[in-house]
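Residues per chain are reported as follows:
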Amino acid sequence: GGPPRERRNFTFAVDRVFKPDTDQAQIFNEVDAFIQSAIDGYRVCIFAYGQTGSGKTYTVVGGQDQTQQGILGRSLNMAFDKIN
């Protein structure tokens, strides 16, 4: 459908790219200040971008054991620790 679109170029900037051997704790240490900001009432967005199979879901959700816990679980633990 329709005529072809004109090709456009875009430039993107990223704050951080993690190497494949970066563990979940190291990644959370990079974003925990954002979680504290959310607890303090600020709006926060953590955006995971990458190819299919690159580990976005694993980074956010995590794996089976406690050491593999992702950003989501660690964030909830941090929030509940602050409440108590």
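K.L.:
What is the right way to look at the overall build of the protein chain in this model?
P.N.:
The secondary structure content of the protein chain amounts to three helices and zero strands. For the protein chain, the N- to C-terminal ordering of α and β elements is α-α-α. The C-alpha atoms of the protein chain give 17 Å as radius of gyration, which overshoots the globular expectation for 84 residues (12 Å, by more than 25%). For the protein chain, the spread of C-alpha atoms along the three principal axes comes to 60 × 30 × 25 Å. Within the span of the protein chain, comprising 84 residues, buried residues form 17% of the whole. Taking as baseline every contact in the protein chain between residues at least 6 positions apart, the subset at least 24 positions apart corresponds to 45%. Accessible area of the protein chain: about 7,600 Å², with a carbon and sulfur share of 52%. For the protein chain, the distance from the average position of its 9 positive side-chain charges to the average position of its 9 negative side-chain charges is 11 Å.

K.L.:
Could you clarify how one ought to interpret the nonpolar core in this entry?
P.N.:
Grouped burial of nonpolar side chains is what soluble globular proteins tend to show. Ile-27, Phe-28, Val-31, Ile-35, Ile-71 and Met-78 together form the largest nonpolar core, which totals six residues. Looking at this core, the elements with two or more residues in it are α1 (24–39) and α3 (71–83). If you tally residues by element for this core, the top one is α1, at four residues. Beyond its immediate stretch of four places on either side in the chain, Phe-28 contacts Ile-35, Ile-71, Arg-74, Ser-75 and Met-78.

K.L.:
Even after reading the chapter, I still don't get the environment of Phe-12, so can you show me in this structure?
P.N.:
Turning to its location among the elements, Phe-12 is positioned in the segment before α1. Between the C-alpha atoms of Phe-12 and Gly-1, which are eleven residues apart in sequence, the distance is 29 Å.

K.L.:
Could you clarify how one ought to interpret the environment of Asp-65 in this entry?
P.N.:
Along the chain, Asp-65 falls in the loop between α2 (56–61) and α3. Judged by relative accessible area, which is 40%, Asp-65 ranks as partly exposed. Separated by 2.5 Å, the side chains of Asp-65 and Thr-67 make a polar contact.

K.L.:
Quick question: what am I supposed to make of the side chain of Gln-24 here?
P.N.:
Checked against the element boundaries, Gln-24 lands in helix α1. At 3.1 Å, the side chain of Gln-24 forms a polar contact with the backbone oxygen of Gln-68. Those residues in contact with Gln-24 that lie beyond four places of it in its chain are Tyr-58, Thr-59, Gly-62, Thr-67, Gln-68, Gln-69, Gly-70 and Arg-74.

Rules used in this analysis
Residues numbered from 1 in each chain as written. Predicted model: local features only at pLDDT ≥ 70, side-chain atom pairs only at ≥ 80, totals over all residues. Heavy atoms only, no water. Helix = DSSP H or I, 4+ residues; strand = E, 2+ residues; numbered from the N terminus. Rg over C-alpha atoms; globule rule 2.2 N^0.38 Å. Buried < 20%, exposed > 50% of the residue type's maximum accessible area, 1.4 Å probe, protein only. Contact = heavy atoms within 4.5 Å. Areas by Shrake-Rupley, 256 points an atom, 1.4 Å probe, with all protein chains shown as cover. Lys, Arg positive; Asp, Glu negative; His and termini not counted. Charge placed at Lys NZ, Arg CZ, Asp CG, Glu CD. Core = buried A, V, L, I, M, F, W, Y, C linked by side-chain atoms within 4.5 Å. Polar contact = N/O pair within 3.5 Å; in protein donor to acceptor, adjacent residues only side chain to side chain.

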